[in-house]
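Observations on the three-dimensional arrangement
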Amino acid sequence: MPAISPEREQQFRRMRDTAREIFTSALSHASIENAFARNVHCERRVLRIGDDLYDLDTYNRVFVVSIGKAAHTMAAALEAQLGGSLEGIVASSVEPAIQVRGFRYFRGGHPTPTAESIRAADAILKSLTALDSAALVIFMISGGGSSIVEKPVGDEISLADLAATYQTLVHSGAPIAEINAIRKHLSAVKGGRLAQAAYPAQQVSILVSDVPDDTPDALASGPTVPDSTSIHDCERIAAKYNLVDQFPGPVADLFRQHALDETPKSDDPAFVRARWWAVLSNKVAIDEAAAAATRAGFAVEVDNSCDDWPYEKAAAYLLNRLRELRTKVLRVCLISGGEVTVTVRNGGIGGRNQQFALACAEPISGHDITVLSAGTDGIDGNSPAAGAVVDGSTITRASDRAGGPEAVRHALSGYNAYPLFDALGDTIITGPTGNNLRDLRILLAY
């Protein structure tokens, strides 16, 4: 590979740092603390959530259920508003830095459920079914809840069956909305079934969303909202990805026998006294990234049209879009939110963000382009990274340290991007952020 001059290498390094700074700024400004400051407020025992008011003194019990990757952060933010008089359950995939008094804590599994996931579901269901119409339930739902809190819809499905089903779904290449449609119909807590358990209590859900804005029932598989998917959808999706033969026996039998139970829809009585407020979503993270890129001197364009595309198709599309924009302006930043899909076969260590970034490395080699892709939850696949950054020097630097273009192709085909990025120092490491607003892709041309 031709050598890169010290001046260009300095520019590449500076632009990798700039991309990291844009991502970090988006994370810090699109925070749960900021979202609660805007949308949740309590004064004189009157709680405001969005445009709704709840006089807490009119309820005989206020019970809080916080689930998902942002569960700890949301519980702490609610306590900051309401003070120390809360009771409820918190279930997340990590241990809390600090426990809020009055809560029981569970550490469920992610991306597949564990025995603790089932214990969390059992505890939540038991608490909810004890409430009456004079109670208020505050649900706080964030991404990751699908596996963190889980209970099979029938006793014939074991934990091992459930875990195997999740693995099949996650590795199928299906977008998250389709994965969750099936999860809902196999679960005693998803697809509105937590709302059914809480009926006839008053309910309000505070959502930190890692799903498309127009599909709130896909968030954590929609435990507290009406389900827009059906048994027919599940059977269609299973056929589309040839899933039935890959499912464990008891799950496959439900499909073969057409024995799935339908989830509650919008006309179910459970939703008569239920409200939902999305206080954070991928759009907020995109807007904050755009503001940071503008401050850094870039003309900014947002293009989310490749959401849920296969990573190779998304990479080709966004790089072509960036080149088109580059013909019109000297410095441009293209921002893309949402998630790409990766169908993993005998994978190594990595995730969809690192796979996407690595797919961009060869096409931009030698060009003044930098591409960052990372998850706002701080976790990319089975790696310790949130994502990675590549630029026009990546292939050359890989030649010096990791084997060059052939190493990049081998890492791509083996779904093993993390070791290569780790060797180059180009991983994005944040640790779990306590937030979850889908992924950000930041493409810079200069």
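What follows is about the pattern of salt bridges. Across all of its chains, the model carries 33 salt bridges by this definition. Across the pair Arg256 and Asp253 runs a salt bridge whose closest N-O atoms are separated by 3.9 Å. On the criterion of helical spacing, the pair formed by Arg256 and Asp253 is a turn pair, its members being three residues apart in helix α10 (residues 249–256). Residue Asp253 is classed as partly exposed on the basis of its relative accessible area of 34%. We note a salt bridge from Lys283 to Asp287, for which the minimum N-O separation is 2.9 Å.

Glancing now at the sheet that holds strand β4 (residues 61–67). Either a parallel or an antiparallel arrangement is found when strands of a sheet pair, and the pairing is made through backbone hydrogen bonds. Taken together, six strands build an open sheet; the order of strands is β6-β5-β4-β7-β8-β9 and the sheet is parallel. Strands with a single pairing partner mark the edges of an open sheet, and in this sheet they are β6 (103–107) and β9 (274–280). The sheet shows a mean angle of 15° between the axes of neighbouring strands, direction not considered. Here strand β5 (residues 88–92) pairs with β6 via five bridges, running parallel. Each bridged residue has a counterpart across the sheet, and for Ala91 the counterpart in β6 is Phe106. Against the sheet, helix α3 (residues 71–82) contacts β4, β5, β6, β7 (135–142) and β8 (202–208), and its axis sits at roughly 135° relative to β7.

Another aspect to go through is the packing of aromatic side chains. Aromatic ring pairs: the centre-centre distance and the angle between the two ring planes describe each pair. Counted according to the given criterion, the structure contains four aromatic pairs. Considering the side-chain rings of Phe271 and Trp276, the 6.2 Å spacing of their centres and the 50° angle between planes classify their relative orientation as tilted. Taking the relative accessible area as the measure of exposure, Phe271 reaches 7% and is therefore buried. The exposure class of Trp276 is partly exposed, given its relative accessible area of 32%. Above the face of the Phe298 ring, Arg331 is positioned so that its terminal group lies 4.2 Å from the ring centre.

Calculation notes
Residues numbered from 1 in each chain as written. Predicted model: local features only at pLDDT ≥ 70, side-chain atom pairs only at ≥ 80, totals over all residues. Heavy atoms only, no water. Salt bridge = Lys/Arg side-chain N within 4 Å of Asp/Glu carboxyl O. Helix = DSSP H or I, 4+ residues; strand = E, 2+ residues; numbered from the N terminus. Buried < 20%, exposed > 50% of the residue type's maximum accessible area, 1.4 Å probe, protein only. Pairing = 2+ DSSP bridges. Axes fitted to C-alpha atoms, helices over the stretch in contact; angles between N-to-C directions. Contact = heavy atoms within 4.5 Å. Phe/Tyr/Trp six-rings, centres within 6.5 Å; stacked < 30°, edge-to-face > 60°. Lys NZ or Arg CZ within 6 Å of the ring centre and 35° of its normal.

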